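For reference, the chains in residue letters:
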Amino acid sequence: MHTAALPDPQYHPEFYADIAPKRLLAWLIDVGLILGLTLIALPFTAFIGLFFLPFLYAFIGFIYRVMTISGGSATLGMRVMSVELRSAEGARLDLGGAFLHTTGYYLSCLMALVQLGSMVLMITSERGQGLTDMVLGTVMVNRRA
């Protein structure tokens with residue numbers, strides 16, 4: 001999606017420089033944080049959470065992603081990597097946008113070929129957008145210093 005509100009990659013490539021590797025590193029940081037939160041939550045489930053650990057991890061991860069993205073248009077991993085999500089209008093994502101983006105991410109994770117296609121798009125597309133980004137019109141950009 002090309003819109004005038006977002007920086008044009010032809011004239012402002014600095015907004016999209018190294019986005020794919022930064023997304024990967026941000027994702028790894030977030031996976032570690034979500035795993036830590038899941039381990040902290042286990043005793044509060046009287047360790048019954050061990051029987052449904054993948055679902056507990058997914059639930060905590062969903063809440064973590066929606067809350068952090070809606071709170072600053074970036075997860076904590078994205079903030080460490082100095083990148084943020086922007087809507088098609090160039091605005092930060094609100095709660096609804098964060099919910100939709102996280103839902104799209106989870107749906108793509110459920111289908112390996114879709115997730116693989118999304119990763120290829122992140123590497124090859126002009127704005128570094130994945131499939132969810134293309135559907136929603138969102139982009140990941142380097143934060144301004």
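The residue numbering used here restarts from 1 in each chain and proceeds along that chain's sequence as written. Thresholds applied to this predicted model are a pLDDT of at least 70 for local features of residues and 80 or more for the giving and counting of side-chain atom pairs; totals over whole chains, interfaces and linings are not thresholded and use all residues. Just so you know, side-chain values use all the structure's heavy atoms and leave hydrogens and water out.

**Details of the environment of Phe52**
And then number 1: Numbering goes from the N terminus for both helices and strands, where a helix is a DSSP run of H or I of at least four residues and a strand is a run of E of at least two. Structurally, Phe52 is set in the loop between helix H1 (19–41) and helix H2 (53–72).
And then number 2: Only protein chains enter the calculation, and the probe is 1.4 Å; a residue is then buried if its accessible area is under 20% of its type maximum, exposed if over 50%, and partly exposed in between. Take Phe52: its relative accessible area is 34%, and that puts it in the partly exposed class.
And then number 3: When the C-alpha atoms of Phe52 and Met140 are compared, they prove to be 32 Å apart, with 88 residues separating the residues in sequence.

**Concerning H2**
And then number 1: With 20 residues, H2 extends 28 Å between its outermost C-alpha atoms, agreeing within 8% with the 28 Å of an ideal straight helix rising 1.5 Å per residue.
And then number 2: Residues Leu56, Ile60, Gly61, Phe62, Tyr64, Arg65, Val66, Thr68, Ile69 and Gly72 constitute the buried set of H2.
And then number 3: Contact between two residues is taken to exist if any of their heavy atoms lie within 4.5 Å; hydrogens are not considered. Against the buried residues of H2 lie H1, helix H3 (76–80), strand E1 (83–86) and helix H4 (95–110).
And then number 4: Among the residues trailing H2, Ser73 stands out with phi positive, at a value near 65°. One less than the number of residues in a helix, times 1.5 Å, gives the span that helix is expected to have.

**Here's the deal with unusual backbone geometry**
Peptide bonds are, in most cases, trans, and in most cases residues other than glycine have a negative phi.
And then number 1: Its identity is not glycine, yet Asp18 carries a phi of approximately 60°, on the positive side.
And then number 2: You can see Asp18 is positioned in the segment before H1.
And then number 3: Here Asp18 falls in the exposed class, since its relative accessible area comes to 55%.
And then number 4: One non-glycine residue, Ser82, adopts positive backbone phi at about 60°.
And then number 5: Among the structural elements, Ser82 can be located in the loop between H3 and E1.
And then number 6: Classification of Ser82 as partly exposed rests on a relative accessible area of 32%.

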